[in-house]
Each structure stands twice: as C-alpha cells, then as structure tokens.
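Results of the structural survey
Listed below, chain by chain, are the residues.
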Amino acid sequence: MEHKKVKEVIEELGIPHAYDHFAEGESPEPPFAVFYYPRTSNFAADGIAYFKKNALNIEVYMDEKNMELEGKIEAVFERHGLFFEKTEVWIESEKLYEILYEMEV
C-alpha cells in the first residue's frame, strides 16, 4: 500500500493525526493519532528487494478507555483489508492510554 493510500486510511479514522509526532506544544486534545513506518519487511530475490513491505505503526492516544472509538478504528482497517496486531498501555506521566496498531503495508 503506497503512502497516499495509508494517508487516506488515517484520514478516515476521523481524529487529529500527524506523521511521527506533533510539534512541541501543538498536540491536540485526545483522542489523536500518530503514524510512522518503523522498519521494512522486504522479500529478497536475486540480490534485490523483490517485494517491498513497510511496517506501519498507528498509535492512538485517549484520556479514557473508549471501546466504541477503537471499534470504529478497527472497522476502518478491516474495510481496507489491513490485518493488525493491537497492544495497549497506560502512560502514567501523560495520563493517556496508548493503543498501538501494528501492521504491514
């Protein structure tokens, strides 16, 4: 999936978002998301990257647990045929939940 299509999926989530991070002092009120490509998962053949894939992480931040929002986000991924793994952590210093969706595109 090319970056333009990934951006469309992110837009469809319906919450403020940024690539990698928001500028200092400019992060919106939760919920919001950041997305980035932490690594590749390429397939090699004949000494070249024959089939290229990027790992895509989408981190969704919220100040309270919101199962309805998570369901809507996951429905967007499913509509676009994106398989994901999901983890959750409470960030005490920020008083925010971080929901991490990991996938390959």
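Residues numbered from 1 in each chain as written. Predicted model: local features only at pLDDT ≥ 70, side-chain atom pairs only at ≥ 80, totals over all residues. Heavy atoms only, no water.

1. Some details on the pattern of salt bridges
One pass over the structure, following the stated rule, counts 9 salt bridges. Put simply, K5 and E8 hold a salt bridge, and the shortest N to O gap is 3.8 Å. Placement of the pair is K5 and E8 together in helix 1 (residues 3-12), with a separation of 3 residues, close to one helical turn. Under the relative-accessibility criterion, K5 is labelled partly exposed at 29%. Because the salt bridges share partners, they merge into one network encompassing K65, E70, E74, K86 and E88. (Salt bridge = Lys/Arg side-chain N within 4 Å of Asp/Glu carboxyl O. Helix = DSSP H or I, 4+ residues; strand = E, 2+ residues; numbered from the N terminus. Buried < 20%, exposed > 50% of the residue type's maximum accessible area, 1.4 Å probe, protein only.)

2. A closer look at the layout of surface pockets
Of the volumes computed, that of the largest pocket is approximately 220 Å³. F22, S27, F32, V34 and Y61 are, among the 15 residues lining the largest pocket, the residues nearest its centre. Of the residues assigned to the lining of the largest pocket, the class counts are 7 nonpolar, 3 polar and 5 charged. (1 Å grid on protein atoms, 1.4 Å probe; cavity = no way out; pocket = protein on both sides within 12 Å on 5 of 7 lines; lining within 4 Å. Points joined across faces, edges and corners; volume = space filled by probe spheres on them. Nonpolar A, V, L, I, M, F, W, Y, C, P; charged D, E, K, R; others polar.)

3. Notes on the side chain of E70
Residue placement: E70 occurs in helix 2 (residues 67-79). A relative accessible area of 2% means that E70 is categorised as buried. Polar contacts involving the side chain of E70 include one to the side chain of K65, which spans 2.7 Å. Not counting residues within four places of it along the chain, the set of residues in contact with E70 comprises M62, K65, K86, E88, I99 and Y101. (Polar contact = N/O pair within 3.5 Å; in protein donor to acceptor, adjacent residues only side chain to side chain. Contact = heavy atoms within 4.5 Å.)

4. A few points about the pairing of strand 2 (residues 32-36)
In terms of residue burial, strand 2 counts as a mostly covered element, since 5 of its 5 residues are buried. With burial as the criterion, each face of strand 2 is covered, one bearing F32, V34 and Y36 and the other bearing A33 and F35. As defined by bridge partners, strand 1 (residues 17-19) adjoins strand 2 across 3 bridges and the pair is classed as parallel. If you follow Y19 over to strand 2, its bridge partner there is F35. Here strand 2 pairs with strand 5 (residues 55-62) via 5 bridges, running antiparallel. (Pairing = 2+ DSSP bridges.)

5. Let's talk about the packing of aromatic side chains
This model, assessed by the stated rule, comprises 8 aromatic pairs. When the centroid spacing of 5.3 Å and the interplanar angle of 25° are considered together, the rings of F32 and Y61 count as stacked. In this pair, F32 sits in strand 2 while Y61 sits in strand 5, placing the two residues 29 residues apart along the sequence. Judged by relative accessible area, which is 8%, F32 ranks as buried. A relative accessible area of 12% places Y61 in the buried class. Taking 5.4 Å as the distance between ring centres and 80° as the angle between the ring planes, the aromatic pair formed by F84 and Y101 counts as edge-to-face. Within this pair, whereas F84 is found in the loop between helix 2 and strand 6 (85-91), its partner Y101 is found in strand 7 (residues 96-104), the two being separated by 17 residues in sequence. (Phe/Tyr/Trp six-rings, centres within 6.5 Å; stacked < 30°, edge-to-face > 60°.)

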